[in-house]
Amino acid sequence: MLNKLTCLALLTLSTTLAYADPFAQGDAKVGKQMVDKNCIACHAASFGSDGSGIYTREDRKIKNAKGLIQQIRNCNTNLGLKWFEDEELHVASYLNKTYYKFEK
């Protein structure tokens, strides 16, 4: 049976992780390499030029940090990239730093 101190520590840890900045957990430099390798060709085919129009268009679908991470996960699944969560966070960190500028 867990004692009160252990329960308090677990509650504090879970609360901290729930509100942690997901972008701080990713490496934007690694994320850029991943985007260049896996995303640019498709985005350029759909939006022209270097593909960045998908991120900068006026009617973009991504409105917050949670939505950005979810979209990255959707692309990961749909394209069969098999990225781990930390890799998704690298991409999220890069895209947020470069285009979105969400707080967290």
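Everything in this summary refers to the structure shown in the same document. (Residues numbered from 1 in each chain as written. Predicted model: local features only at pLDDT ≥ 70, side-chain atom pairs only at ≥ 80, totals over all residues. Heavy atoms only, no water.)

1. Quick notes on the nonpolar core
Looking at soluble globular proteins, one finds that nonpolar side chains tend to be buried together. By size, the foremost hydrophobic cluster in this structure holds 20 residues, and its most contacted members are Leu68 and Leu95. Those elements that place two or more of their residues in this core are helix H2 (28-38), helix H4 (53-56), helix H5 (65-79) and helix H6 (85-100). No other element matches H6, which puts six residues into this core. Sequence-distant contacts of Leu68, defined by excluding residues within four places in its chain, comprise Phe23, Ile62, Ala92, Leu95, Asn96, Tyr100 and Phe102. (Core = buried A, V, L, I, M, F, W, Y, C linked by side-chain atoms within 4.5 Å. Buried < 20%, exposed > 50% of the residue type's maximum accessible area, 1.4 Å probe, protein only. Helix = DSSP H or I, 4+ residues; strand = E, 2+ residues; numbered from the N terminus. Contact = heavy atoms within 4.5 Å.)

2. Quick notes on unusual backbone geometry
Positive phi, close to 50°, is recorded for Ser49, a residue that is not glycine. Of note, Ser49 is situated in the loop between helix H3 (40-47) and H4. Judged by its relative accessible area of 76%, Ser49 is exposed. Despite not being glycine, Lys101 shows a phi value in the positive range, around 65°. Here Lys101 is to be found in the segment after H6.

3. What to know about the packing of aromatic side chains
Scanning all chains against the criterion turns up four aromatic pairs. For the pair Tyr55 and Tyr100, a centre-to-centre distance of 6.2 Å together with 80° between the ring planes defines the contact as edge-to-face. Within this pair, whereas Tyr55 is found in helix H4, its partner Tyr100 is found in helix H6, the two being separated by 45 residues in sequence. Taken together, a centroid distance of 5.4 Å and an interplanar angle of 20° make the contact between Tyr100 and Phe102 stacked. (Phe/Tyr/Trp six-rings, centres within 6.5 Å; stacked < 30°, edge-to-face > 60°.)

4. What about H2?
Given 3.6 residues per turn, any residue in an α-helix points the same way as the ones three and four places further on. Residues of H2 that are buried: Ala28, Gly31, Met34 and Val35. Projected onto a plane normal to the axis of H2, the buried residues spread over an arc of 115° and lie on a single side. Set apart from the buried face of H2 by more than 90 degrees, the exposed residues are Lys29, Gln33 and Lys37. On its buried face, H2 is in contact with H3, H4 and H6. For H2, the N-terminal cap is Asp27; the gap from its side-chain oxygen to the backbone nitrogen of Lys29 is 2.9 Å. (Arc of directions from axis to C-beta. Polar contact = N/O pair within 3.5 Å; in protein donor to acceptor, adjacent residues only side chain to side chain.)

5. A few points about H6
For H6, with 16 residues, the first-to-last C-alpha span of 20 Å runs short of the 22 Å given by 1.5 Å per residue. All of the buried residues along H6 are Glu88, Leu89, His90, Val91, Ala92, Ser93, Tyr94, Leu95, Asn96 and Tyr100. Buried residues belonging to H6 abut H2, H4 and H5. Lys101 occupies a position one or two residues after H6 and carries a positive phi of about 65°. (Expected span 1.5 Å × (residues − 1).)

Remember that the coordinates give geometry; whether it matters functionally is a separate question.
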